[in-house]
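Understanding the architecture of this molecule
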Amino acid sequence: MRNHFLALLPLVAAAVFADPAHGVTLNPRGLGQALVYPYYTVNKGQDTLLTVVNDGDVGAVGSVKVYEGYNGRPVAEFYVFLAPHDVWTARVSALADDGGAALFTADTSCTYPSISPSTGFPFRTSGFSGAGVFPVDGGPVSITRTREGYMQVVEVGAVIPGSPLDLAIRHPQAGTAPTCAGTDISAAAYVTTPEGNLRGSAAIVNVAEGTFFAYPANAIAALTDNVLFNGSGSTYEPNEFRQANNASSAFPGGAIAEVASDDHHFALDFDQGIDAVSAVFMQDTIANDYLVAAGLGAHTDWVVTFPTKALYTDPFYVLGSTASAPFAEPFHAPGASNVLANAIQYDQEEGHGPTSALTLPYLVNVVSFHAANDDTSGVLGSSLATNISAFADAGTMSLDLANGGDESHAITVPDGRVLHGLPATGFMVYNIINANAAPGKLANYGGTFPYRSTVSCTTSNGSTPCD
């Protein structure tokens, strides 16, 4: 009997200490298969600098997509081929003060299509003007719609070591450019399962004013078990997030989302992959600070981006005239899909204002803390601005994304559990102008700070937690 018991020990240990289901997760350590950059802009004389790094020991193919901020329609899409431990850098800049934007790169990492160092990759209106695959959506059709939005990079495959593609994307010697021969969609034969070693960062820079607002990209790990490099002859794919899946899911083509709250961990199995991606971004509240003291020349903007919103509100993805949960209103003319969130502000001495419903109309929203009815926000110069009067010169605000006005927002798991809130990301950015830094000198100071947030998961009968 004792020998039989000892023989069973490895099996018991394997059952007790087995890894949890491997699912889509937002990695706080910054490495992943997909990167979300919540905001880019060329407004107010600014450029946005972008970095994508492959920290893996094998090459990676990244699908780069740039989306405008109203409705998340694509304005640019291409592939970047990263050798092991390769870094790709680019900038998004305005083509004219009242014109569109373009992406420029002097980096020698391979892209498909190739990007001219002089002319760059001009952003296009075909994603929303009706001139391409996408029909018009009721929003603006001017090229100026491309001036701000967000970006995502998805590793669609790892490069097979020693393959012709691997040799083409490597730098033959230090300081020399790779050949990039054959780095197009026909290279799919040399691509295998993604490894998930991407990381990234961005910075919004105004050289003339001396401002620099930097932030890290959100990293999504274990997006899919499959190669997503399409090899179809086109870089077009509406959104790779729709293809999220993993073998652990009980649903064909489904995906498990690994969601962590303060003291609980939830493995939630969804029959639709996009719901798993939304689940890892779900927040029922976000909170941050604001500073608007006139004596400091201070302004504060909050960037609140819903990276998966279009897949629930854009009629191109959602048939009919209704939106899908967790969102309530489809995108419509003249260019909005309103979300109501309850906002409450506090000063630094325990005082607070009334709870009010704040309207967030876009996929990328910039909440600007000032009373003026300006068309643009105070720090970023955003045209996607929602103005809010500051309760005090300095304080905090809590934004309830689960409730706002008469709306409630939640996404239901097939097993009946409920995640409350909305899939959101972004950051707070503030700017201080010091006119007395030194005689004849003007100084700008500022910074960016991520949100503090809470997660709420309940069972079908409303009890919590739901693990």
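Preceding block: the structure.
This section reports on the structure supplied with the text. (Residues numbered from 1 in each chain as written. Predicted model: local features only at pLDDT ≥ 70, side-chain atom pairs only at ≥ 80, totals over all residues. Heavy atoms only, no water.)

**Focus on the overall build of the protein**
A tally of helices and strands in the protein yields 4 helices and 33 strands. Relative to a compact globule of 467 residues, whose C-alpha radius of gyration would be 23 Å, the protein shows 23 Å and is just as compact. C-alpha extents for the protein along the principal axes are approximately 80 × 60 × 50 Å. Looking at the protein residue by residue over its 467 residues, the buried ones come to 53%. In the protein, once contacts between residues fewer than 6 apart in sequence are set aside, the share between residues at least 24 apart is 68%. If you sum the accessible surface of the protein, you get close to 19400 Å²; carbon and sulfur atoms cover 54% of it. When the 16 basic and 42 acidic side-chain charges of the protein are each reduced to a single mean position, those positions are 6 Å apart. (Helix = DSSP H or I, 4+ residues; strand = E, 2+ residues; numbered from the N terminus. Rg over C-alpha atoms; globule rule 2.2 N^0.38 Å. Buried < 20%, exposed > 50% of the residue type's maximum accessible area, 1.4 Å probe, protein only. Contact = heavy atoms within 4.5 Å. Areas by Shrake-Rupley, 256 points an atom, 1.4 Å probe, with all protein chains shown as cover. Lys, Arg positive; Asp, Glu negative; His and termini not counted. Charge placed at Lys NZ, Arg CZ, Asp CG, Glu CD.)

**Observations concerning the sheet that holds strand 9 (residues 121-122)**
Hydrogen bonds between backbone atoms are what pair the strands of a sheet, whose relative direction is either parallel or antiparallel. Ordered by their spatial adjacency, 6 strands build an open sheet running 9-7-6-3-12-13, and the pairing between neighbours is antiparallel. Among the strands making up the open sheet, the edge pair consists of strand 9 and strand 13 (211-216). Sheet topology note: the strand 6 (residues 87-94)/strand 7 (residues 101-104) ladder contains 4 bridges and is antiparallel. In the strand pairing of strand 7, Arg91 is matched with Phe104. (Pairing = 2+ DSSP bridges.)

**So, the pattern of salt bridges**
If you walk through the whole model with that rule in mind, you get 8 salt bridges. Its salt-bridge partner being Arg124, residue Glu77 comes within 2.6 Å of it at the nearest N-O pair. Of this pair, Glu77 sits in strand 5 (residues 74-82) while Arg124 sits in the loop between strand 9 and strand 10 (148-159), placing them 47 residues apart in sequence. Between Asp137 and Arg145 there is a salt bridge, with the nearest N and O atoms lying 2.7 Å from each other. No difference in accessibility class separates Asp137 from Arg145, as the two residues are buried. Through salt bridges with shared partners, a single ionic network connects Glu68, Asp137 and Arg145. (Salt bridge = Lys/Arg side-chain N within 4 Å of Asp/Glu carboxyl O.)

**Details of the state of the cysteines**
For the coordinates displayed, the defined rule picks out 1 disulfide. At a sulfur-sulfur separation of 2.1 Å, the disulfide partner of Cys110 is Cys180. Its S-S torsion of about -90 degrees marks the bond between Cys110 and Cys180 as left-handed, since a negative value means left-handed. Of this pair, Cys110 sits in strand 8 (residues 110-112) while Cys180 is found in the loop between helix 2 (164-169) and strand 11 (191-192), placing the two residues 70 residues apart along the sequence. Given the relative accessible area of 1%, Cys110 is considered buried. (Disulfide = S-S within 2.5 Å.)

**Concerning the nonpolar core**
Residues Tyr37, Leu103 and Leu399 are the most contacted members of the largest nonpolar core, which totals 115 residues. Per-element tally for this core: the top contributor is strand 5, with 7 residues. Excluding residues within four positions of it along the chain, Leu103 makes contact with Leu50, Phe78, Trp88, Ala90, Arg91, Val92, Ile115, Gly120, Phe121 and Phe123. If you look at the next biggest cluster of nonpolar residues, it comprises 5 residues, including Leu291, Ala293, Ala298 and Ile432. (Core = buried A, V, L, I, M, F, W, Y, C linked by side-chain atoms within 4.5 Å.)

**So, the side chain of Thr48**
Residue placement: Thr48 occurs in strand 3 (residues 47-54). For Thr48, a relative accessible area of 0% gives the class buried. Among the polar contacts listed, one links the side chain of Thr48 to the backbone oxygen of Thr41, at a separation of 2.8 Å. If sequence neighbours within four positions are ignored, Thr48 has contacts with Tyr39, Tyr40, Thr41, Ala90, Arg91, Val92, Ala203 and Ile204. (Polar contact = N/O pair within 3.5 Å; in protein donor to acceptor, adjacent residues only side chain to side chain.)

**Structural notes on the pairing of strand 20 (residues 339-347)**
Counting buried positions along strand 20 gives 7 out of 9 residues, so the element sits mostly inside the fold. As paired strands, strand 20 and strand 21 (residues 356-360) are joined by 5 bridges and run antiparallel to one another. Across the sheet, the residue bridging to Val339 is Leu360, located in strand 21. With 6 bridges connecting them, strand 20 and strand 24 (residues 394-400) associate as antiparallel partners. Pairing of Asp347 across the sheet is with Gly395, part of strand 24.

**Let's talk about the packing of aromatic side chains**
Per the counting criterion, the structure on display carries 17 aromatic pairs. Ring geometry for Tyr67 versus Tyr150: centroids 5.1 Å apart, planes at 20 degrees, classification stacked. Of this pair, Tyr67 sits in strand 4 (residues 60-68) while Tyr150 sits in strand 10, placing them 83 residues apart in sequence. Across this residue pair, the class does not change: Tyr67 and Tyr150 are buried. With 4.3 Å between their ring centres and 40 degrees between their planes, Phe134 and Phe316 make a pair best called tilted. Taken together, the positions of Phe134 in the loop between strand 9 and strand 10 and Phe316 in the loop between helix 4 (310-313) and strand 20 put the pair 182 residues apart, joining distant regions of the chain. Taken together, the aromatic side chains of Tyr290, Trp302, Phe369 and Tyr451 make up a single cluster linked through ring pairs. (Phe/Tyr/Trp six-rings, centres within 6.5 Å; stacked < 30°, edge-to-face > 60°.)

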